[in-house]
Amino acid sequence: MSEAKDRSKHPCFNKETSGSCGRVHLPVAPGCNIQCNYCNRKYDCVNESRPGVTSAILPPDKAVEYLDEVLKKEPRITVVGIAGPGDPMAEAKRTIETIERINEKYPDMLYCLSSNGLALPEHVDRLAELGVTHVTVTMNAVDPEIGAKIYSWVRVGKVVYRGVEGARILLERQLESIRLLKAKGITVKVNSIIIPGVNDHHLIEVAKVAAELGADIQNLIPLHPTADTPFAGMEEPTKALIHELRAKGGELVPQMTHCKRCRADAVGLLCSDRSSELIPTLNKLAC
Ligand code: SF4
Ligand code: SF4
């Protein structure tokens with residue numbers, strides 16, 4: 001991995017640069033290998049801002065062309081991220097091809113991925129070779145009994161696992177992912193969704209494990225109950241609960257407090273998303 005890259009220019013990992021450095025999410029990864037009870041990727045709405053939503057899926061061979069257009073409109077982009085709308089590592093072929101293509105033209109960009117971790121371990125070496133600097137692993141529980149309440153199923157190859165067994169397999173892969181990423185010197189964020197009544201009492205334990213594994217930062221994200229999911233009727237966590245968890249978690253591992261829960265086709269500074277301006281370009285290239 002290029003050591004020369006200035007990692008401080010990632011606006012999510014460094015709040016100080018969030019007003020001057022931007023990111024683009026390339027929506028090249030539609031599929032997923034697990035089902036979280038809070039996730040619904042069926043909606044495709046330009047007005048909805050949350051992970052899993054994109055206006056179109058970008059083919060990997062159009063990624064450079066798209067980035068060229070993005071940079072004409074928003075030259076402050078310093079980070080190219082792949083955040084779905086599914087799981088980038090469940091779509092490893094598409095994700096890696098995208099980074100390979102972009103890396104040829106833009107080797108100095110910071111590259112960032114987010115994943116549930118299930119299919120991440122086998123790709124860590126290649127991601128490091130390609131200069132991926134930042135990876136987010138979403139880990140909502142470190143106890144499979146709790147994980148079983150969050151994940152409907154986990155698929156490895158053609159086998160689908162449910163309940164505690166699925167959650168245990170997922171957890172093992174997540175822990176291994178973080179270890180391997182840190183061994184390669186990659187900056188790691190652990191995302192954890194705060195799900196009241198399900199894992200809120202357990203998230204400090206997650207922070208503890210993240211810290212032990214050397215994760216650089218944790219992002220405790222409030223549940224956004226989404227229609228047509230098992231968690232649709234749940235309450236969002238209160239501000240007081242979020243604040244309390246971040247304060248306690250912050251004693252163990254630094255906390256991100258400025259996450260915007262971006263779309264899978266987000267573009268621009270965190271405070272001024274410009275994805276709607278790029279929708280025509282994205283749609284044209286997706287055809
Ligand atoms: Fe949705 Fe991500 Fe969970 Fe997959 S890992 S089901 S894309 S939230
Ligand atoms: Fe950054 Fe949060 Fe947006 Fe991801 S969802 S790009 S961590 S602000």
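Every value quoted in this text rests on a predicted model; they were computed, and no experiment measured them.

Rules and cut-offs
Throughout, residues of each chain are indexed from 1 in the direction in which the sequence is written. Numbering of ligands from 1 and lettering of chains from A proceed in the order in which they are written. Reporting in this predicted model follows two pLDDT cut-offs: at least 70 for local features of residues, and 80 or more for side-chain atom pairs to be given and counted; totals over whole chains, interfaces and linings ignore these cut-offs and use all residues. In computing side-chain values, all of the structure's heavy atoms are included and hydrogens and water are not. Strands are labelled as partners when DSSP assigns at least two bridges between them. Counting from the N terminus, the helices are the DSSP runs of H or I reaching at least four residues and the strands are the DSSP runs of E reaching at least two. Interaxial angles span 0 to 180 degrees and are taken between N-to-C directions of axes, which are lines fitted to C-alpha atoms, for helices over the stretch in contact. We define a salt bridge as a side-chain nitrogen of Lys or Arg found within 4 Å of a carboxyl oxygen belonging to Asp or Glu. Between buried and exposed lies partly exposed: a residue is buried under 20% and exposed over 50% of the maximum accessible area for its type, with that area taken using a 1.4 Å probe on protein chains only. We define proximity as follows: a residue is near a molecule or strand when any one of its heavy atoms falls within 4 Å of that partner. Any residue outside Ala, Val, Leu, Ile, Met, Phe, Trp, Tyr, Cys, Pro, Asp, Glu, Lys and Arg is labelled polar, Gly included; the first ten of those are nonpolar and the last four are charged. Pairing of N or O atoms within 3.5 Å defines a polar contact, subject to two protein rules: one partner must be a possible hydrogen donor and the other a possible acceptor, and residues neighboring in sequence count only if both atoms are side-chain atoms. What makes two residues a contact is simply this: any of their non-hydrogen atoms within 4.5 Å.

**Some thoughts on the sheet that holds strand β2 (residues 34–36)**
Phase 1: What the three strands build is an open sheet, ordered β2-β6-β7; its pairing is antiparallel. Sheet topology places β2 and β7 (159–162) at the edges, where each strand pairs with a single neighbour. Direction aside, neighbouring strands of the sheet carry axes that sit 20° apart on average.
Phase 2: In terms of strand pairing, strand β6 (residues 151–156) meets β7 through four bridges, oriented antiparallel. If you follow Val-154 over to β7, its bridge partner there is Tyr-161.

**So, the pattern of salt bridges**
Phase 1: Applying the stated criterion across every chain yields a total of 13 salt bridges.
Phase 2: For Asp-265, the salt bridge goes to Arg-263, with nearest N and O atoms at 2.7 Å.
Phase 3: Given the relative accessible area of 1%, Asp-265 is considered buried.
Phase 4: Classification of Arg-263 as buried rests on a relative accessible area of 5%.

**Some details on the site of ligand 2**
Phase 1: In the region of ligand 2, the neighbouring residues are Cys-12, Arg-23, His-25, Lys-189, Met-256, Cys-259, Lys-260, Arg-261, Cys-262 and Leu-270.
Phase 2: Tallied by class, the residues present in the shell around ligand 2 amount to five nonpolar, one polar and four charged.

**Let's talk about the side chain of Gln-174**
Phase 1: Counting through the fold element by element, Gln-174 comes out in helix α5 (residues 163–183).
Phase 2: Residue Gln-174 is classed as buried on the basis of its relative accessible area of 2%.
Phase 3: A polar contact of 3.0 Å, which involves the side chain of Gln-174, links it to the backbone oxygen of Asn-116.
Phase 4: Residues within four places of Gln-174 in sequence aside, it is in contact with Asn-116, Gly-117, Val-137, Thr-138, Met-139, Ala-141 and Tyr-151.

All we've got here are geometric facts, nothing functional implied.
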